[in-house]
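Chains, contacts and geometry: an overview
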Amino acid sequence: MANAQGYALSMAFVGRDLELARLSAALQRAADGSASRVVLRGPTGIGISALLDELEHRLGDVPGVVVARGGAFEPTSGAPFFALAGALSRAFTACADQDLARVVGGAGHDLALLLPELEPRLASLAVAMDEPRLVAPEQRGARVIEAIIGALDRLGSRGVVLLVLEDLHWADPATRAFIETLLRITRRLALCLVATYDPEEFHRRHPGRELVQALESSAQVDLLTLGPLDRDELASFAEGVLGDRPPGSLLAALLEGSRGNPLLATQLLAAHADVEGLRLSDSFEAVLQARLAALRRPAMRAVQVLAAARRPVPRQPLLRLALPEGYLAAAGLTEAIESGLAVGSGDHAGTDRVGVPHPLAAEAIERLMSPAERQAVHGVLAASLAGTPSERAWHREAAMDFAAAREAHVAAGRAAEALDPGATALLHYERALELSGDPSVDGRDPVEAAELLERAAAAASSAGAFRRAASLVQQAITVRSGPTRAATGARRDQGGSADLERTLGELHERLGRYRWAAGDQTPALEAFEKALELIPGEPSKVRARALASQAQHLMIAGRFDDSARVAEEAREVAGTVGGEALAELGHATCTLGVDLGYDGQLGRGLHLLEEATALAREAGRLDDLMRAFANRTTLLDLDSRRNDALEVVKEGLAEARRAGQEGVYGAFLRGNAADILFMLGRWSESEAECRAALEWTPAGVAWFTPTLYLSLLLTESRADDEASRMVGQTLLQLETVPAGQWTALVQRSAVSLALWRGDLADAQQVAGREW
């Protein structure tokens, strides 16, 4: 790329030999089977992308190295797995047909959702893309993470994968969850992760701050910080841009003006060549303003539109944008590219794209536009060019069109549910709520307002934010039972209110589950009671579900007689309803089996759990199926049939693997196996099961059980610093899991650790406080 005077305007690559050597070493470690994670950090424009470009260039066609490189952009920060989708799309495009089916494996459904353009190719290769028969909607995000990791593992099976994810300060929640999972995985993966970000972007309230802290504190992460170019490097850099060694005076001014930042240096050199009277000590914005002013109006407008887009966009749709002052001119776009303020390039799919060379430049150029100009351009981009619902929402907000932004966020939340029904969907629903007014004031339909709160509550629950979920569903109850009830009549004997009572009952059932998961046991049981008061007494699927939920949580609380009574009623109601309530029948049957087992009727209890296993499989309910497997191991262990229990764990893991969710559901099952192996004295196997379980990101009890048993195991076997940390974790985790179920084992670990360390007073204090 060159300007009118023939100066090359691309950022030349100089120095960085140490960083290249460390990246090469990390890639070799991954090829040798060791965990390899690298962070490249530095201020915007310091040359991280240029370093990665050089690494790719040097790798060339090295056999066995697969490059999967993707990046995040500010407008896509709410699109689930956006950077990963870009990286996988590039890698899959380069993958031969005979290998693609093997790489995708059984993850065709989820990978096709992530990469819709992949679907025709998978169909031509006869790769199955049907949704798994057994589903767990709340864990869909975790299933997609497992699918991605499996695909990357198979991609690297004949060599190594270099997975590059750039600009994590703009990454979506699902991408961050993927990286958090990858950090925990210690098994062999021929995968070198390189993550890049600008540390200055991670302010105190940045949603990715915890991920950055984990990356920077992890012993397995190689942390590389790129600093400014020194005088000699900057001289070589300028020579690469200008084609000749710069004079000493120019170099001195360049060093002062750029502070060694390659992006600033590039813009200063271009301005020095193109703009009369510009000083190299001028600010970055002043330099860009002068360069823009040197363009003709069509070229300037093209640069401004590209700056507002904040990421490369396809050339032809760009030229068809209906801007207020007319369409962009092809000649103007060409002039913008020739100036170096825009860059044209083809992506891996062959699409001709155009963009501003760097996000820092895009931000500065957009700030130079008037508010009215900015808003108009963002409105057009939202209507015509934004590729995803989340991107449309971002542009609508930038256009200050808050009503349309709210609707776009709702659409983005619904779209996110297909890939990440947790944190990413919650991000959009909460933003939509922030942009919403009070329905009693602004005239919006209260039912619509309640439905948004309910979706947000479900997303919060999927994200493991159970207290937030309970708060949101409580707000939904308030909205539905306020003006809506006043309009329809609050009593059942008034026409039309039975449906309302049923809906409020369903919401109280959800409130009970969320409160329980948050550790609020008594309010949870009260919510279940309220649900059954509200739901009409005749047999229905809704009533069967509420009864089954109440029975389950009474069982967990140790109230087995009460639980058995409610479970029997739930089974009776579900049986009367028939096939529609098959899942509820299985749920209640599972609970009743445990109740009877703890009542001494182990044979009948195990028989009911096997029946519950079959019902869950027939209903296609993975959550209930895994619960049935876990409860079977518990009763077999109670009956001292521990080897039989281990076989059930293996059976359950195989079932979860077939459903593509071994990581999440395996965590809970492995926790049960760890307990059994500990009691059998097979401590090394117990530890291995715990550590395998903790490589994934389950929430609540699924996270707690392997953590609990690992802390117990480490306390009794080593009582070292790791044991102390694990005991601390379990004590903290008691705040998010119903304490009655786990307190004894947690306190046993805490007391035992104190005794092993000879601190009798601490042991007595802990035991006395918790007794």
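Residues numbered from 1 in each chain as written. Predicted model: local features only at pLDDT ≥ 70, side-chain atom pairs only at ≥ 80, totals over all residues. Heavy atoms only, no water.

**Structural notes on the overall build of the protein chain**
Within the protein chain, the regular secondary structure consists of 39 helices and eight strands. Relative to a compact globule of 771 residues, whose C-alpha radius of gyration would be 28 Å, the protein chain shows 30 Å and is just as compact. Looking at the 771 residues of the protein chain, the share that counts as buried comes to 54%. In the protein chain, the share of contacts with a sequence separation of at least 24, taken over all contacts with a separation of at least 6, comes to 66%. (Helix = DSSP H or I, 4+ residues; strand = E, 2+ residues; numbered from the N terminus. Rg over C-alpha atoms; globule rule 2.2 N^0.38 Å. Buried < 20%, exposed > 50% of the residue type's maximum accessible area, 1.4 Å probe, protein only. Contact = heavy atoms within 4.5 Å.)

**Observations regarding the state of the cysteines**
The term disulfide refers to a covalent linkage connecting the sulfur atoms of a pair of cysteines. A full pass over the atoms with the stated rule returns zero disulfides. The thiol of C192 is not disulfide-bonded; the next cysteine sulfur, from C95, is found 19 Å away. (Disulfide = S-S within 2.5 Å.)

**So, the pattern of salt bridges**
In total, this model carries 49 salt bridges according to the counting rule given. Note that R632 is salt-bridged to E651, the shortest N-O span being 3.7 Å. Here R632, found in helix 32 (residues 622-638), pairs with E651, found in helix 33 (residues 642-658); they are 19 residues apart in sequence, far enough to count as distant. Under the relative-accessibility criterion, E651 is labelled partly exposed at 35%. Between E689 and R670 there is a salt bridge, with the nearest N and O atoms lying 2.9 Å from each other. Here E689, found in helix 35 (residues 683-693), pairs with R670, found in helix 34 (residues 662-679); they are 19 residues apart in sequence, far enough to count as distant. (Salt bridge = Lys/Arg side-chain N within 4 Å of Asp/Glu carboxyl O.)

**Quick look at the side chain of R16**
Topologically, R16 is positioned in the segment before helix 1 (17-31). Although R16 lies buried, it forms no salt bridge, and the closest oppositely charged side chain, E19, sits 4.6 Å away as judged by the N-O distance. Dropping the residues within four chain positions of it, R16 is found in contact with I46, L51, L226, G227, L229, E233 and P262. (Lys, Arg positive; Asp, Glu negative; His and termini not counted.)

**What to know about the nonpolar core**
Ranked by internal contacts, the top residues of the largest apolar core, which has 52 residues, are F81, F92, I148, L163, L165 and F178. Put simply, the parts of the chain that give this core at least two residues each are helix 3 (82-93), helix 4 (97-104), helix 5 (108-114), helix 7 (140-155), strand 3 (160-166), helix 8 (173-184), strand 4 (191-197) and helix 9 (209-217). If one sorts the elements of this core by residue count, helix 7 sits on top with eight residues. Sequence-distant contacts of F81, defined by excluding residues within four places in its chain, comprise L114, G141, V144, I145, I148, D172, A174, T175, F178, L419 and D420. Of all hydrophobic cores here, the second largest spans 37 residues; its members include A302, L321, L333 and A364. (Core = buried A, V, L, I, M, F, W, Y, C linked by side-chain atoms within 4.5 Å.)

**Details of the sheet that holds strand 5 (residues 221-225)**
The strand order across the open sheet formed by five strands is 2-3-4-1-5, and the pairing between neighbours is parallel. A strand with exactly one partner marks an edge of an open sheet, and here the two such strands are strand 2 (65-71) and strand 5. The mean angle between the axes of side-by-side strands here comes to 15°, regardless of whether they run parallel or antiparallel. As defined by bridge partners, strand 1 (residues 36-41) adjoins strand 4 across six bridges and the pair is classed as parallel. In the sheet register, V38 faces strand 4, and the bridge partner there is V194. The strands touched by helix 2 (residues 48-59) within the sheet are strand 1, strand 2, strand 3 and strand 4, with strand 2 carrying the most contacts at an inclination of about 160°. (Pairing = 2+ DSSP bridges. Axes fitted to C-alpha atoms, helices over the stretch in contact; angles between N-to-C directions.)

**With respect to the packing of aromatic side chains**
Under the counting rule described, the total for this entry stands at four aromatic pairs. When the ring of F560 is compared with that of Y598, the centres are 4.8 Å apart and the planes differ by 5°; the resulting orientation is stacked. Of this pair, F560 sits in helix 29 (residues 560-577) while Y598 sits in helix 30 (residues 582-598); the two residues are 38 residues apart in sequence, bridging distant segments of the chain. Exposure remark for F560: the relative accessible area of 22% places this residue in the partly exposed category. Considering the side-chain rings of F678 and W683, the 4.9 Å spacing of their centres and the 5° angle between planes classify their relative orientation as stacked. (Phe/Tyr/Trp six-rings, centres within 6.5 Å; stacked < 30°, edge-to-face > 60°.)

**Focus: helix 7**
With 16 residues, helix 7 ought to run about 22 Å at 1.5 Å a step, and its terminal C-alpha atoms sit 22 Å apart, in line with that. With 14 of its 16 residues buried, helix 7 lies for the most part within the structure. (Expected span 1.5 Å × (residues − 1).)

**Quick word on the packing of helix 23 (residues 446-462) against helix 24 (residues 466-481)**
When two helices pack together, their arrangement is given by the angle between their axes and by how far apart the axes lie. In contact at an axis separation of 8 Å, helix 23 and helix 24 are set at 165° when each is read in the N-to-C sense. Overall, the two elements helix 23 and helix 24 adopt an arrangement that is roughly antiparallel. The crossing of helix 23 and helix 24 is left-handed. Contacts between helix 23 and helix 24 pair P446, V447, A449, A450, E451, L453, E454, A456, A457, A460 and S461 from the former with F466, R468, A469, L472, V473, Q475, A476, V479 and R480 from the latter. Residue classes in the contact of helix 23 with helix 24 are distributed as 14 nonpolar, two polar and four charged. (Parallel < 35°, antiparallel > 145°, perpendicular 65-115°, else oblique. Left-handed = near helix turned anticlockwise from the far one by under 90°. Nonpolar A, V, L, I, M, F, W, Y, C, P; charged D, E, K, R; others polar.)

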